[in-house]
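Understanding the architecture of this molecule
Here is what each chain is made of, one letter per residue.
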Amino acid sequence: MPQASSTVFRAQSTVANLTISRKIPIYVFLELTRLCNLRCRHCYLVKEKKAELSTEEIKEVIRQLRNENALILNFSGGEVFERQDFFDISEYAKELNFGIKIFTNGTLIDDLKAARLAKLKPLRVEISIYSLDPEVHDSITGVEGSLEKSLNALCLLRSHKIPLRIKTPLMKNNFSGYRRIIELAKRLGAKYQFDPNIIPKLDGDKSVLCRRIGKKNLIQLLRDPAIRANEDSMTRGGGQTEGLSCSAGHNSCAINAYGEVQPCAILPIKLGSLRKNDFCNIWKNSPELNCLRSVRMSDLKVCSKCSLLACCARCPGLAYLETGNILGVSRRNCFVSKINSGLWFYQ
Amino acid sequence: MLNMYVSKNKEIAYRVIEDEAIILTPEDGMLHNLNPVATVIFESANGKRQVKDIIGKICEEFDIEERVAHRDCLNFIEDLVHKKMLILSGKPTKFSK
C-alpha cells in the first residue's frame, strides 16, 4: 500500500543496487564518431580502419538499448558535430525517452545548432576547455582559434539556458590556469570538472603520460577549497558499489564508433560487435562481461589489502591501460590516493 | 485536487523495470526509484485520469482501505508535482506515455 513519500522514494544508492542486481545498462556511453576537427595532444582515442556505424545502425542500437531499459545516453566522440546526422540521432533518442548528455569541443556549434540543442533539452552539454590563454589551449588542441570557438559555444549554449559543464584534463602545461576556468564556470553558471589523470591511449601507447601533473600540482589542486567544496569538481574512479571494484559492465557500458560493446570507454575489452550480434545477447551472455561481473574487491590481491583503499578512486580501466590487467594496480591511482590521504605530508 | 487531471512531465525520462520505476529528473540529473505502489500511481498519470480515478485504481489493485489510499495518494501526488515529475491540470491533456 502507498506509504509516506519519503519512503516511497528510495535513495540513489538503491537505484545503483537495483540496476546492478538486475543487470540494467542504465548508463550508456555512445561514441558516435572518432572523427575530430581538433588534434588534442593527450587524446586517448586511436582511429581504426573500420567503418563507423551509419545513421540507421545507430538508431537500431538505440532501439535495442531502449529494450534493455537503458536510460541515460552520453553522446561522445571524436567530435559529435562532425556527424551531419547528429540531430537526427539525438532527436531519435529523445523520442525514445532517453536522458541525453553531450560531450563536445564546441567549436562547430553555431547559433542554429545551439537553438536546436535547446529544443533537445539535454541533461547537460560538456565542453572541454584547457586554458583561457589561447596560446596554451590552442597548443593542446593543435588548432589555432579553437579556444575562441569553444568559448563562443559556451556563451551561445548559455544564452539558450542549456545546462553546461566545463571539463578540463589537467596537464603540466595548462595547470597554472585552472582557477581562471573555475571563475569562468561560475560566471556562466556552469559546472566544472578537472581530471588530473591523463590516460594511456587505447592501443597502449603511454607516451602521453609525460604530460601528467606531478605531486606539487596535485597537492595544490586537492587542497584548493574550490575543489574540496565541490564533490563533482574532480573526476573520480568507476564508483565502488557493494564490494564491486567498479560499476562498469554491471549497470553501464560503452559502445564505440565501430559498434563494439565495451564495459567502459576506457576499458577497451571487446565484448561483441553490434554488427554481428544484438545488444541484449552481448550484454547478457558475453563470457568476458560475466567474468568481469564476478570480480569483487576481495579479488584484487594488492588493492584489497591496501591501507589507502578507503580514499582510493580505483579505476579498472586505468589499471588495464597501465598494466594490461583489470585486477592490476594503477600507479597513478596509487599516487593520487597517497596524496589524497595526506600521507605525503608526513613522509 | 481530486478532480484534477494528472499527467507526467513530458521532460521526464523513466523506465519501469518489472514493477519499479526509475525516474530521471532533468534539473539535477538524479535517478529516483519508486516502489511498486508508487509506480502504479506514476504510470497511471496519463493526462486522462483524475486524481480520484487513480485513488480508485490503487484501492482496487492493492485491496486497501479508501481512507488510507486517499491520504497516501494525495501526499504522494503532491510530492511528485513538487518534484516536477507530475503535472496537475483542470482539463484532460493530450500528452500521455
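Residues numbered from 1 in each chain as written. Chains lettered and ligands numbered in written order. Predicted model: local features only at pLDDT ≥ 70, side-chain atom pairs only at ≥ 80, totals over all residues. Heavy atoms only, no water.

Some thoughts on helix α3 (residues 55-67) of chain A
Residue and element names in this part refer to chain A. Rules: For the purposes of this entry, the term helix denotes a DSSP run of H or I that reaches at least four residues, the term strand denotes a run of E that reaches at least two, and both are numbered from the N terminus. A helix's residues, less one, multiplied by 1.5 Å, set its expected span. Only protein chains enter the accessibility calculation, which uses a 1.4 Å probe. A residue is then buried if its area is under 20% of the maximum for its type, exposed if over 50%, and partly exposed in between. Here, two residues are considered to be in contact whenever any of their heavy atoms come within 4.5 Å of each other.
Along its 13 residues, α3 runs 19 Å from first to last C-alpha, staying within 8% of the 18 Å computed at 1.5 Å per residue. Of all the residues in α3, the buried ones are Ile58, Lys59, Val61, Ile62, Gln64 and Leu65. Taken together, the buried residues of α3 touch β2 (27-31), β3 (72-76), α4 (86-95), β8 (252-255) and α11 (279-285). Backbone geometry just after α3 places Asn69 at a positive phi near 70°.

Some thoughts on the packing of aromatic side chains
Residue and element names in this part refer to chain A. Spelled out, the test is: Here a Phe, Tyr or Trp ring, Trp counted by its six-membered ring, pairs with any other such ring whose centre lies within 6.5 Å, and the pair is stacked when the planes are under 30 degrees apart, edge-to-face when over 60, and tilted otherwise.
According to the stated counting rule, one finds ten aromatic pairs over all chains in the structure shown. Where Tyr178 meets Phe194, the ring centres are 5.5 Å apart and the plane angle is 80°; that geometry is what we call edge-to-face. Taken together, the positions of Tyr178 in helix α8 (residues 178-188) and Phe194 in strand β7 (residues 191-195) put the pair 16 residues apart, joining distant regions of the chain. The burial state of Tyr178 is the same as that of Phe194; both residues are buried. Note on Phe279 and Trp283: the rings are 5.8 Å apart at their centroids and 15° apart in plane angle, and the pair reads as stacked. Highlighted residues: Phe279 and Trp283, both in helix α11, separated by four residues, approximately one helical turn. Across this residue pair, the class does not change: Phe279 and Trp283 are buried.

A closer look at the sheet that holds strand β6 (residues 86-89) of chain B
All names here are of chain B. Operational definition: Strand pairing follows a simple DSSP-based rule, namely that at least 2 bridges must link the two strands. Lines fitted to C-alpha atoms define the axes here, with helix axes fitted over just the stretch in contact, and angles between the N-to-C directions of these axes take values from 0 to 180 degrees.
One open sheet accounts for three strands, arranged β5-β1-β6; its pairing is antiparallel. With one partner strand each, in any of the chains shown, β5 (46-50) and β6 form the two edges of the open sheet. If you compare each strand with its neighbour and ignore which way they point, the axes differ by 30° on average. Judged from the four bridges that link them, strand β1 (residues 5-8) and β6 form a sheet pairing that is antiparallel. Looking at the pairing, Val6 lines up with Leu88 of β6. Against the sheet, helix α3 (residues 66-82) contacts β1 and β6, and its axis sits at roughly 105° relative to β6.

Topic: the pairing of β1 of chain B
Residue and element names in this part refer to chain B. The two faces of β1 match: Tyr5 and Ser7 on one face and Val6 and Lys8 on the other face are all buried. Bridge count between β1 and β5: two bridges; the pairing is antiparallel. Across the sheet, residue Ser7 finds its bridge partner in β5, namely Asn46.

With respect to helix α1 (residues 36-44) of chain B
Residues and elements named next belong to chain B. The condition is simple: Any pair of N or O atoms that falls within 3.5 Å is considered a polar contact. Within protein, one atom must be able to donate a hydrogen and the other to accept it, and sequence-neighbouring residues count only if both atoms are side-chain atoms.
Burial runs high along α1: seven of the nine residues are buried. Buried residues of α1: Val37, Ala38, Thr39, Val40, Ile41, Phe42 and Ser44, and no others. Its side-chain oxygen placed 3.2 Å from the backbone nitrogen of Val37, Asn35 serves as the N-cap of α1.

Here's the deal with the interface of chain B and chain A
To be explicit about the condition: Accessible area, probed at 1.4 Å, shrinks when two parts are joined; the buried area is that loss added up over both. The term salt bridge refers to a pairing of a side-chain nitrogen on Lys or Arg with a carboxyl oxygen on Asp or Glu at a separation within 4 Å. Under the convention adopted here, Pro, Cys and the residues Ala, Val, Leu, Ile, Met, Phe, Trp and Tyr are nonpolar, Asp, Glu, Lys and Arg are charged, and Gly plus all remaining residues are polar.
On the side of chain A, 28 residues touch chain B, which itself brings 33 residues to the contact. Among the residues of chain B in contact with chain A, Arg15, Leu31 and Asn33 of chain B are the three that bury the most area, contributing 29% of the side total. In this assembly, chain B and chain A are joined by three salt bridges. Residues Lys121 of chain A and Glu11 of chain B are paired through a salt bridge, measuring 3.5 Å at the closest nitrogen-oxygen approach. In this structure, the connection of chain B to chain A is made through six residue pairs in polar contact (both at pLDDT 80 or more). For the side of chain B that touches chain A, the secondary structure elements donating two or more residues are β2 (13-17), β3 (20-25), β4 (30-34), α1 and α3 of chain B. The element best represented in the side of chain B that touches chain A is α3 of chain B, accounting for seven residues. Here the side of chain B that touches chain A is composed, by residue class, of 21 nonpolar, four polar and eight charged.

What to know about the nonpolar core
Definition in use: By nonpolar core is meant a set of buried Ala, Val, Leu, Ile, Met, Phe, Trp, Tyr and Cys residues that side-chain atoms within 4.5 Å join together.
One finds Ile62, Phe75 and Leu117 of chain A to be the most contacted residues of the largest nonpolar core, which totals 74 residues. A total of six residues in this core trace back to one element, the largest contributor, which is α8 of chain A. Ignoring anything within four residues of it in the chain, the contact list for Ile62 of chain A reads Leu30, Leu73, Phe75, Ile89, Tyr92, Ala93, Leu96 and Phe98 of chain A. Leu34, Val37, Ile41 and Leu86 of chain B belong to the second largest nonpolar core, which has 26 residues in total.

Brief notes about the sheet that holds strand β10 (residues 272-273) of chain A
Adjacent strands of a sheet pair through backbone hydrogen bonds, lying either parallel or antiparallel. All names here are of chain A. What the nine strands build is an open sheet, ordered β7-β6-β5-β4-β3-β2-β8-β9-β10; its pairing is mixed. Pairing within the sheet leaves two strands with one partner each, and these edge strands are β7 and β10. Here β3 runs beside strand β4 (residues 99-104); their pairing, made up of four bridges, is parallel. What sits directly across from Asn74, in β4, is Lys101. α4 rests against β3 and β4 of the sheet, and its axis sits at about 170° to β3. Sheet strands in contact with α8 are β6 (164-169) and β7, and its direction is about 160° off that of β7.

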